[in-house]
Amino acid sequence: MLFFLLRLHLLTLKNSCRTSLHNQPVGAMAVLVAGLATFGFTCVFFLWALVAAQKLGVLQESLFLLYYYLFLLLLAGSVPFVASTLLLAEDYTLLFSTPLPSWAILTARLIEATIINSLQFSALGVPAVLASGLALSLSPIAWMLLIPLTFLFLLLPALLVALGLIVLLRIVGLARIRASISLLNVLMGALICLDIAIALPHSPIFALLANAHSLPYPVVLHTVPITARLAPSGWFVTMLIALGGQQPLSSALLPTIVLLVSNGLLFGTVLLIGRHIISDETLSMERSHTVHVSNTQGQNLLRRLLPDQLGGLVERDLRLILRDPVLLSQLAVPAILFAVPFVLTLHDHSPDTFALLFYLAALLLGIILYTQTSILSLSLLGMEGRGYWLVLTAPITIRRNLFAKWLTSTSLSGGFGLFLGTLDGLFFRGKFLEVILLMGIVLILSAGLCGIGVGFSAIFPRFLHDNPAVRVSPWALILGFVAATLYVLSAGAALALSAFAAADYLPAKTLLIPTGVCLFLVISLLAIIIPIEIGSRRLEAYEWPY
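Residues numbered from 1 in each chain as written. Predicted model: local features only at pLDDT ≥ 70, side-chain atom pairs only at ≥ 80, totals over all residues. Heavy atoms only, no water.

What to know about the overall build of the chain
Then step 1. The helix and strand tally for the chain stands at 24 helices and zero strands.
Then step 2. A fraction of 80% describes how many contacts in the chain between residues 6 or more apart in sequence connect residues 24 or more apart.
Then step 3. Of the roughly 26300 Å² of accessible surface on the chain, 73% is carried by carbon and sulfur atoms. (Helix = DSSP H or I, 4+ residues; strand = E, 2+ residues; numbered from the N terminus. Contact = heavy atoms within 4.5 Å. Areas by Shrake-Rupley, 256 points an atom, 1.4 Å probe, with all protein chains shown as cover.)

Spelled out as structure tokens, the structure:
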């Protein structure tokens, strides 16, 4: 029975790929080539970094840190994916009406949740694993063993989140499914924030940031936080190093047993408790739950500030966001990172530490902005589901609709970024000019990143699924991540040109400073216009699949 469900999912994927190649062969091949090129470039980058670390004698420490942060990424982002696949799927009515046992349905769902959750791992994690294997010169047998070990490593975050969800549902009741998802999302983010706050002062990143600003802090390259060694990522790295021959194979025996036993115990516990909770009758309670949103003052303000059509579209998008607690909690997870510098001030109140933490908070603000804009702008189009058909038939241009979504996501993420930037400057006593520059950069970057997210969600639309975990297509996730990263790097290079010129590291100061600023503005403007324009043309020719 279980293999029947897995085979059904594989056939669905096969038919989807065949349909895409048949309907749009040129576009599908272009996307495939772009994806492979991105994958290859990321793999080469990781290989170059690991080879450089090997020459410096810090390869093992680099592997521990790399997979530790990848594990935190998987854990932090797994709640909405696992919860949506395990609890909010719409096909449970069909599945529970078949003679399939409940354990088979839940097992297939857990494997599907692991695969969907691994999409966020595919852009960085898979190239990192390949680069690690090449840097360690793994043998063919070691490569074969690495495949199941990687799957076990990916399965663990999904099982941890699934167990947490089921335990919460057991405590608070089935009528509060979405509240349980939101609570677990925030708790997971807070746990990761606390962990980073403990590990960050002992990391090379913190030391290099201090030395870059001439603040007293020693650079330590061989330091690995104890959490990075004790986490499941540490087990995986220990096995990887042993497979590479840098440690005896016997050193990998205990981590392998621990990884297998942990997955087995978690899997069995989820099945044992979950089969009594997850059923079509119990989940129907959640489907009947409605959310009432009333915001008359916000409606009046939008009607004064924006034209009627644009204001109505923005109001509609705001209502969609407010009615989705899963999305709201997902947006709150990266925001918790901003508490890390404030936690670090509990141990040291010196002016040098405050000066360092101002720059650290600015760096974390950039990470928060990057993550929130991606989540919000990529999800805002697909979260409408089949209801977007009404927009396509309405007397409103697709371009205006996408502009409204860009305006909504930019206003929310940029406004929140300005709020955090103000707190950063006030609490850590940043210089006035630096705070103003930070807020301007935050606003422009949020506009560029949201333009990329909205544009790529329209270039690769997905309106067929009510499941929030799959309302953004994999290609939009992967290529949108690549485009956003390239935008940040190119915009950062333009700003670095102005910064180095202002610090007298480059000649022709009066020419290079405005040149860098103009390049930054032009790159950001293109990041907004080009994806949205391509996305609007894609949706204008969109054929609704039934």
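As for the pattern of salt bridges
Then step 1. As enumerated under the stated definition, the model contains four salt bridges in all.
Then step 2. The salt bridge involving Glu315 is made with Arg319; its shortest N-O contact spans 3.5 Å. Of this pair, Glu315 and Arg319 both sit in helix 16 (residues 308–322), separated by four residues, roughly a single helical turn.
Then step 3. Residue Glu315 is classed as buried on the basis of its relative accessible area, which comes to 16%.
Then step 4. Taking the shortest distance from any N to any O, the salt bridge between Arg537 and Glu533 comes out at 3.0 Å. (Salt bridge = Lys/Arg side-chain N within 4 Å of Asp/Glu carboxyl O. Buried < 20%, exposed > 50% of the residue type's maximum accessible area, 1.4 Å probe, protein only.)

With respect to helix 21 (residues 398–427)
Then step 1. Under the 1.5 Å per step criterion, the end-to-end length of helix 21 is 43 Å for 30 residues, consistent within 8% with the ideal 44 Å.
Then step 2. Two residues or fewer past helix 21, Arg429 is found with a positive phi of approximately 55°. (Expected span 1.5 Å × (residues − 1).)

Here's the deal with the packing of helix 7 (residues 125–136) against helix 8 (residues 140–172)
Then step 1. Running from N to C, helix 7 and helix 8 point in directions that differ by 150°, and their axes come no closer than 12 Å. Like other packed secondary-structure pairs, helix 7 and helix 8 cross with a definite hand, here right-handed. Every residue of helix 8 that contacts helix 7 at Val129, Leu130, Gly133 and Leu134 is listed here: Trp143, Leu146 and Thr150.
Then step 2. Considered class by class, the residues forming the contact of helix 7 with helix 8 number five nonpolar, two polar and no charged. (Axes fitted to C-alpha atoms, helices over the stretch in contact; angles between N-to-C directions. Left-handed = near helix turned anticlockwise from the far one by under 90°. Nonpolar A, V, L, I, M, F, W, Y, C, P; charged D, E, K, R; others polar.)

Let's talk about the nonpolar core
Then step 1. Core analysis: the biggest nonpolar cluster contains 68 residues, and Leu63, Tyr67, Leu110, Val161, Ile181 and Phe236 have the highest contact counts within it.
Then step 2. Excluding residues that lie within four positions of it along the chain, Leu63 makes contacts with Leu50, Ser132, Leu136, Val237 and Ile241.
Then step 3. Among the nonpolar cores identified, the runner-up in size contains 37 residues, and Val340, Leu357, Phe358 and Ile368 belong to it. (Core = buried A, V, L, I, M, F, W, Y, C linked by side-chain atoms within 4.5 Å.)

A short note on the side chain of Ser457
Then step 1. Its place among the elements puts Ser457 in helix 22 (residues 432–459).
Then step 2. Here the side chain of Ser457 touches Val454 through a polar contact of 2.8 Å, landing on its backbone oxygen.
Then step 3. Apart from residues no more than four positions distant in its own chain, Ser457 is found in contact with Ser377, Leu378, Leu381 and Ala476. (Polar contact = N/O pair within 3.5 Å; in protein donor to acceptor, adjacent residues only side chain to side chain.)

Quick look at unusual backbone geometry
Then step 1. Within the chain, Ser137 stands out as a residue other than glycine whose phi angle is a positive 55°.
Then step 2. Position of Ser137 among the secondary structure elements: in the loop between helix 7 and helix 8.

Describing the environment of Leu497
Then step 1. Relative to the helices and strands, Leu497 is located in helix 23 (residues 474–502).
Then step 2. Classification of Leu497 as partly exposed rests on a relative accessible area of 26%.
Then step 3. Sequence separation between Leu497 and Gly516 is 19 residues, and the spatial gap between their C-alpha atoms is 5.5 Å.
Then step 4. Dropping the residues within four chain positions of it, Leu497 is found in contact with Leu506, Leu512 and Gly516.

Structural notes on the packing of helix 3 (residues 59–87) against helix 12 (residues 232–243)
Then step 1. For the pair helix 3 and helix 12, interaxial distance at closest approach is 8 Å and the crossing angle is 140°. It follows that helix 3 is oblique to helix 12 by the angle criterion. For the pair helix 3 and helix 12, the crossing hand works out as right-handed. Of helix 12, the residues touching helix 3 (which contributes Gln60, Leu63, Phe64, Tyr67, Tyr68 and Phe71) are Pro232, Ser233, Gly234, Phe236, Val237, Thr238, Leu240 and Ile241.
Then step 2. Here the residues of the contact of helix 3 with helix 12 sort into 10 nonpolar, four polar and no charged. (Parallel < 35°, antiparallel > 145°, perpendicular 65-115°, else oblique.)

Examining the environment of Phe338
Then step 1. Here Phe338 shows up in the loop between helix 17 (325–335) and helix 18 (339–344).
Then step 2. Residue classification places Phe338 among the buried residues on the basis of a relative accessible area of 5%.
Then step 3. The sequence separation of Phe338 and Leu363 amounts to 25 residues, and the corresponding C-alpha distance is 9.6 Å.
Then step 4. Those residues in contact with Phe338, other than ones at most four positions away along the chain, are Ala361, Leu365, Ile368, Leu420, Leu423 and Asp424.

Remarks on the packing of aromatic side chains
Two numbers describe a pair of aromatic rings. These are the distance of the centres and the angle of the planes.
Then step 1. Within this structure, the stated rule accounts for 14 aromatic pairs.
Then step 2. Plain terms: the ring middles of Phe153 and Phe236 are 4.9 Å apart, the flat faces sit at 20° to each other, and that makes the pair stacked. Of this pair, Phe153 sits in helix 8 while Phe236 is found in helix 12, placing the two residues 83 residues apart along the sequence.
Then step 3. An angle of 85° between the planes, with centres 6.4 Å apart, marks the rings of Tyr370 and Phe481 as edge-to-face. (Phe/Tyr/Trp six-rings, centres within 6.5 Å; stacked < 30°, edge-to-face > 60°.)

Digging into helix 8
Then step 1. Its 33 residues give helix 8 an end-to-end C-alpha distance of 50 Å, which sits within 8% of 48 Å, the value for a rise of 1.5 Å per residue.
Then step 2. Immediately beyond the C-terminal end of helix 8, within one or two residues, lies Gly173, with a positive phi of roughly 100°.

Points about a nonpolar patch on the surface
Then step 1. Together, Val522, Leu525, Leu526, Ile529, Ile530 and Ile534 make up a nonpolar patch on the protein surface, roughly 530 Å² of accessible area in all.
Then step 2. Secondary-structure assignment places Val522 in helix 24 (residues 509–540).
Then step 3. According to the relative accessible area criterion, Val522 is partly exposed, its value standing at 46%. (Patch = residues over 30% accessible without salt bridge, like charges linked within 9 Å, V, L, I, M, F, W, Y side chains within 5 Å.)

Comments concerning the confidence of the model for the chain
Then step 1. Here the chain averages 77 in pLDDT, and 76% of its residues register 70 or above.
Then step 2. Predicted confidence in the chain is weakest over helix 14 (residues 280–287), with a mean pLDDT of 50, and strongest over helix 22, with 90.
Then step 3. Note that pLDDT drops below 50 for residues 217–221; the model gives that stretch 16 contacts with residues more than four away or on any other chain.
Then step 4. Every residue in residues 286–294 is under pLDDT 50, and counting partners more than four places away or in other chains gives 12 contacts. (pLDDT = per-residue confidence, 0-100.)

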